[in-house]
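So you can see what is in the structure, the chains are spelled out below.
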Amino acid sequence: MPVISAPELTRFTEEILVAAGVPPHKAAITTASLVASNLRGVDSHGIQLVPFYVDKLMAGQMDPHTDGRVISETGACLVFDGQNGIGQWIAETCCGHAVRIAGKQGMALVVARESNHFGAAAWWAQKMRAAGQIGIVFCNASPIVPPWQAKQGRVGTNPISMSVPGPWLLDMATTTVAAGRVFKAFLNRQPEIPAGWAFNSEGVPTTDTAEAYQGMLMPLGGYKGSGLGMMVEILCSVLSGGAMPDDVSGIRSPGKAARVSQAYIAIEVARFMPVEEFTARMEKLVNLIKTAAPAPGYDEVLVAGDPEWRTEAERRQHGISLAEGNWEALCKAAARVNVAPPGA
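The rules behind these values
- Residues numbered from 1 in each chain as written.
- Predicted model: local features only at pLDDT ≥ 70, side-chain atom pairs only at ≥ 80, totals over all residues.
- Heavy atoms only, no water.
- Disulfide = S-S within 2.5 Å.
- Core = buried A, V, L, I, M, F, W, Y, C linked by side-chain atoms within 4.5 Å.
- Buried < 20%, exposed > 50% of the residue type's maximum accessible area, 1.4 Å probe, protein only.
- Helix = DSSP H or I, 4+ residues; strand = E, 2+ residues; numbered from the N terminus.
- Contact = heavy atoms within 4.5 Å.
- Pairing = 2+ DSSP bridges.
- Axes fitted to C-alpha atoms, helices over the stretch in contact; angles between N-to-C directions.
- Right-handed = clockwise from strand over helix to strand, strands pointing away.
- Phe/Tyr/Trp six-rings, centres within 6.5 Å; stacked < 30°, edge-to-face > 60°.
- Polar contact = N/O pair within 3.5 Å; in protein donor to acceptor, adjacent residues only side chain to side chain.
- Salt bridge = Lys/Arg side-chain N within 4 Å of Asp/Glu carboxyl O.

Caption draft 1: Geometry of the state of the cysteines. Summed over all chains, the structure comprises zero disulfides. No disulfide involves Cys139; its sulfur sits 6.0 Å from the nearest other cysteine sulfur, which is in Cys236.

So this is what it looks like as structure tokens:
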């Protein structure tokens, strides 16, 4: 299993994206979001995505040059057309608008359509948090999740992320696991996945990785996850005027633009109380949760963000461990655009 430092992985990934036709400033933004996910241990949303992005770029299914455009801005609300641009660049632009508008209005809701995969939602929610705001980010995805009581995919994994000033960071799919977890198992030739993750293509629960890769994901908590997935769909595709799920394409889908929609909510904390007071109150809440007696089989109580922050501290010091299948796929993508891997 290769171990590579964050700076070295960053350099290699940027070189691949630039060689695939991405302008350097956009390649830097994209790479930063991906390597940050690897640092946090969320490898499903890290450099594992680069080969899929390269496929899209080389096939002309994603436009690395467009910046997108503002369709309308009224008060605290903005609608953005991503024009099939790089997902991370569209997200960076929309976060900037959300922070700006919330600073003036107290809150902001920015919705984007015709975008692409933007990596982990947490990276973008933290953009608002860095401005002293509460950041909430949603995104729709290709329809690989059947509604509760159905056996055909109709919505995506439709993630939700919320970041606040203070020690708490939520980033979750509305499925049991993110699709990238299944992709990682498949790329690394893992024969089985845990029960409760996925269905096969006929809507039957499966633990066979190959069947799951060609199948669908289970909604989180049954009908409750189905409801959350619909909520995200409404805030993203319906509200933005974007493509409905049956017209949204995944990163594995050849021949089609992704047509992803996203929503970014920013809340200016200082309109309610000083940021320092809010942060202290968050610390008090988190401490209240974490001082609960652990259940049998557990040594401590964790909150959202804890596992990832610990992994990040360890990986910054000792390097990022990459599964063999992921490293192999990244090197193949590099060879495709004539970029040599580190040490070659």
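Caption draft 2: Layout of the nonpolar core. Membership of the largest hydrophobic core comes to 71 residues, with the highest contact counts inside it found for Leu9, Ile16, Phe118, Trp124, Val137, Tyr264 and Leu330. Considering every element that reaches this core, the biggest residue donor is helix α4 (residues 87–105), with eight residues. Those residues within four positions of Phe118 in sequence are excluded, and the remaining contacts are Ser33, Tyr53, Gly87, Gln88, Ala91, Trp124, Val137, Cys139, Gln262 and Tyr264.

Caption draft 3: Seen up close, the sheet that holds strand β6 (residues 160–163). Spatial ordering of the open sheet is given by β2-β3-β4-β11-β5-β6-β7, a layout of seven strands whose pairing is mixed. Edge positions in the sheet fall to β2 (69–74) and β7 (169–172), since each of these pairs with one other strand and no more. Each strand of the sheet is rotated relative to its neighbour by a mean of 10°, with strand direction disregarded. Docked against the sheet, helix α5 (residues 121–130) engages β5 (133–139), β6, β7 and β11 (260–268), running at close to 155° with respect to β5.

Caption draft 4: Inspection of the pairing of strand β3 (residues 77–81) at higher detail. Burial runs high along β3: four of the five residues are buried. Sheet analysis places β2 next to β3, joined by five bridges and oriented antiparallel. The partner of Thr74 across the bridge, within β3, is Cys77. Taking the residues between adjacent antiparallel strands as the criterion, β2 and β3 are bridged by two residues, where Gly75 takes a positive phi near 60°. Direction of pairing for β3 relative to strand β4 (residues 107–115): parallel, over a ladder of five bridges. Directly across from Val79, in β4, lies its bridge partner Val111. Read from β3 through α4 to β4, the crossover connection turns out right-handed.

Caption draft 5: Summary view of the packing of aromatic side chains. Following the criterion strictly, the structure yields seven aromatic pairs and no others. Here Phe118 and Trp124 contribute two aromatic rings whose centre-to-centre distance is 6.4 Å and whose plane-to-plane angle is 35°, an arrangement assigned as tilted. The buried category is assigned to Trp124, whose relative accessible area is 0%.

Caption draft 6: Local environment of the sheet that holds strand β8 (residues 198–199). An order of β9-β8-β10 is seen for the three strands of this open sheet, with the pairing classed as antiparallel. Edge positions in the sheet fall to β9 (205–206) and β10 (216–217), since each of these pairs with one other strand and no more. Two elements, β8 and β9, share two bridges in a ladder whose sense is antiparallel. Bridging across to β9, Phe199 finds its partner in Pro205.

Caption draft 7: Summary view of the environment of Lys127. Locating Lys127 in the fold gives a position in helix α5. Taking relative accessible area as the criterion, Lys127 reaches 27% and is therefore assigned partly exposed. A distance of 3.1 Å separates the side chain of Lys127 from the side chain of Glu92, its partner in a polar contact.

Caption draft 8: The arrangement of the pattern of salt bridges in detail. Summed over all chains, the structure comprises 14 salt bridges. A salt bridge links Arg336 to Asp55; its shortest N-O distance comes to 2.5 Å. Pair noted here: Arg336 is in helix α11 (residues 324–336) and Asp55 is in helix α3 (residues 50–58), with a separation of 281 residues, a long-range link. Judged by relative accessible area, Asp55 falls into the partly exposed class, the value being 37%. Across the salt bridge formed by Glu92 and Lys127, the nearest N and O atoms sit 3.1 Å from each other. With Glu92 in helix α4 and Lys127 in helix α5, the pair connects residues that are 35 residues apart, well separated along the chain. A residue is classified by how much of its surface remains accessible, and Glu92, at 24% relative accessible area, is partly exposed.

Caption draft 9: Layout of the pairing of β4. Relative to β11, β4 runs antiparallel, the two being bridged by seven bridges. Bridging across to β11, Ala112 finds its partner in Gln262.

Caption draft 10: Representation of the side chain of Ser142 in the model. Checked against the element boundaries, Ser142 lands in the loop between β5 and β6. Residue Ser142 is classed as buried on the basis of its relative accessible area of 15%. Ser142 has contacts with Val155, Gly156, Val248, Ser249 and Gly250, leaving out every residue within four places of it along the chain.

Caption draft 11: A look at α3. Burial of α3 is extensive: seven of the nine residues sit out of reach of the surface. Looking only at α3, the buried set comprises Val50, Pro51, Phe52, Tyr53, Val54, Lys56 and Leu57. Of the residues flanking the end of α3, it is Gly60, one or two places downstream, whose phi is positive at about 70°.

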